[in-house]
Structure formats: structure tokens, C-alpha cells
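As a plain string of letters, each chain reads:
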Amino acid sequence: MERIARAAAIARIAARYRHWRHRRYASGKLTWDPMFDAAVALFAGSMRPLLDIGCGLGLLGQYLRERGIHAPYFGVDPDGTKIEEARAAAMVDALDVDFATVDAAALPPFSGDVALIDVLHYLPETLQRQALEAAAARVTPGGMLVIRNVLRDASWRFRLTVAEERFASALGWMRFATGHFPRREDIEAPLAALGFDVRVEPLWGRTPFNSYLIVARRARAA
């Protein structure tokens, strides 16, 4: 039953998009990317607002709604075209999710949970720590900063991921070229220094990509 319900949710989300290319992308992404079900497990039962930095077409917000998570959701992305498509899709079923065209370096005031999914490696190395600190500053006491990112190492997965990113960029799907792939310690150490409890684990699923899930929890206020 769970597999049937999940497939139906994915079909509903994909059908909301106006363009066949986006419908096909949404269907494939939601089916094969393990991040979406990982997010459901992390945010289930929470009513803390969620800031989704680099939300793209708005898939995460829609998937959370489909899986029964109704916390306030605000998705931001520097690509205005994708934000327009995210808004149009959400309007089909009048979903209570909000979107805005915002650069990761100019985030609005916010307090809650924060998602930073596949964002850091599109920034130059010199800006990645600033982006981490800006995201962390918006996590409420007791909240989470949830990061999914490719990590730089010597594995075949990393080499294959780099090749895939270059291919996607050549096709024109990614508006922004890859800046720098961080190492695990480049993410873990700054967050630990800010007082977060940080957990890092592989999030490969059935993909060949060198993706990791980093969950940083801020302690509750005394």
C-alpha cells in the first residue's frame, strides 16, 4: 500500500507541471532520489516552518504536503523561471506553499528548520562557509539544518558525479555551473563550531552519485 500511495503522490505532483520536460523530470526525480523520503522521515510531526534554500521547481514542498506534512513551507531559488513553474504547479491544487526568487547570499529573515539540498557545490569555495552560516543562523532552537550535498573524496562515485554535473550543465538544465565540491569537514566543522550536533551519512539510494545527508541539530533553549 505504501508503494502504491507513493506512486500516486508522484503522479499527482508531476501532472501539475505545464511542460512535458518538467513533468518527466519531476516524475524521475521523485521516484529515484532518496532525499525526498529522507526529508519526510526527518520532518514528520514537526510544525516548525521550513525554509527550502535552492528549491528549484518546488518538488520538496509538494512532496511533503502529499505525505501529510503541513508545516509552513517557504521555498527560495535564484532561478526566477523555476520559481514561476513552482508557483504555477502549486496553484493547480491550491497548495499552501510559498515561493520567492532569492539568492542564497541574500536570504530573508526566518526562524525554523532549513533545507539546503544540492546547493553548496554551485557556490565558489569562498562563499560556501558564508552560506552555511547564513542558513544556520535561521535555524530555531530545537530545529534542524538539513543538507544534502556531494562530498569531495577519492571515490568512483565522486568522479561519476562530476561527469554528470558537467553533462547537465552542457544540456542547459543547470543555470549555474558547479563552483566547488566541499569535503565533509568543510561542512561538519563550521556547524559543530556553531554549537550544532552534526550527523553525516551516505544518501546514495539507488543512484551512483556521491551524495551525503548532513543533519545539524541546534540545541533547545535552556
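Residues numbered from 1 in each chain as written. Predicted model: local features only at pLDDT ≥ 70, side-chain atom pairs only at ≥ 80, totals over all residues. Heavy atoms only, no water.

Draft legend 1. Examining the nonpolar core more closely. Membership of the largest hydrophobic core comes to 36 residues, with the highest contact counts inside it found for F43, L60, L64, F99 and L213. Per-element accounting of this core gives the leading share, seven residues, to helix α3 (residues 35–43). Non-local contacts of F99, meaning those with residues more than four positions away in its chain, are made with C55, G58, Y73, F74, G75, I83, A86, R87 and A90. In terms of nonpolar packing, the next biggest core, distinct from the first, is built from 29 residues, L123, L145, V198 and I214 among them. (Core = buried A, V, L, I, M, F, W, Y, C linked by side-chain atoms within 4.5 Å. Buried < 20%, exposed > 50% of the residue type's maximum accessible area, 1.4 Å probe, protein only. Helix = DSSP H or I, 4+ residues; strand = E, 2+ residues; numbered from the N terminus. Contact = heavy atoms within 4.5 Å.)

Draft legend 2. View of the packing of helix α1 (residues 2–15) against helix α2 (residues 20–32). Orientation of α1 relative to α2, taken along the N-to-C sense of each, is 155°, at an axis distance of 8 Å. Classified by the interaxial angle, the pair formed by α1 and α2 is roughly antiparallel. Viewed along their axes, α1 and α2 form a crossing whose handedness is right-handed. Residues R6, I10, I13, A14 and A15 of α1 form the contact with α2, whose participating residues are R23, A26, S27, L30 and T31. Looking at the contact of α1 with α2 residue by residue, the classes come out as six nonpolar, two polar and two charged. (Axes fitted to C-alpha atoms, helices over the stretch in contact; angles between N-to-C directions. Parallel < 35°, antiparallel > 145°, perpendicular 65-115°, else oblique. Left-handed = near helix turned anticlockwise from the far one by under 90°. Nonpolar A, V, L, I, M, F, W, Y, C, P; charged D, E, K, R; others polar.)

Draft legend 3. Up close: helix α5 (residues 80–92). Taking 1.5 Å of rise per residue, 13 residues should cover 18 Å, and α5 covers 19 Å from first to last C-alpha, within 8% of that figure. Residues of α5 that are buried: K82, I83, E85, A86, A88, A89 and A90. Along its buried surface, α5 packs onto α2, α4 (59–66), β2 (73–77) and β3 (98–101). The N-capping residue of α5, defined by a side-chain oxygen 3.1 Å from the backbone nitrogen of T81, is D79. (Expected span 1.5 Å × (residues − 1). Polar contact = N/O pair within 3.5 Å; in protein donor to acceptor, adjacent residues only side chain to side chain.)

Draft legend 4. A look at the side chain of D33. Tracing the backbone through its elements, the reader meets D33 in the loop between α2 and α3. Take D33: its relative accessible area is 8%, and that puts it in the buried class. A distance of 2.9 Å separates the side chain of D33 from the backbone nitrogen of M35, its partner in a polar contact. A distance of 2.7 Å separates the side chain of D33 from the side chain of R148, its partner in a polar contact.

Draft legend 5. Region of the structure containing the pairing of strand β5 (residues 144–150). Taking burial as the measure, the seven residues of β5 include seven buried ones, the bulk of the element. The two faces of β5 match: M144, V146, R148 and V150 on one face and L145, I147 and N149 on the other face are all buried. Alignment of strand β4 (residues 113–117) against β5, held across four bridges, turns out to be parallel. Bridging across to β5, I117 finds its partner in R148. Crossover handedness for the path β4 to helix α6 (residues 125–137) to β5: right-handed. The sheet contact formed by β5 and strand β7 (residues 211–217) spans seven bridges and is antiparallel. Across the sheet, I147 pairs through a bridge with I214, a residue of β7. (Pairing = 2+ DSSP bridges. Right-handed = clockwise from strand over helix to strand, strands pointing away.)

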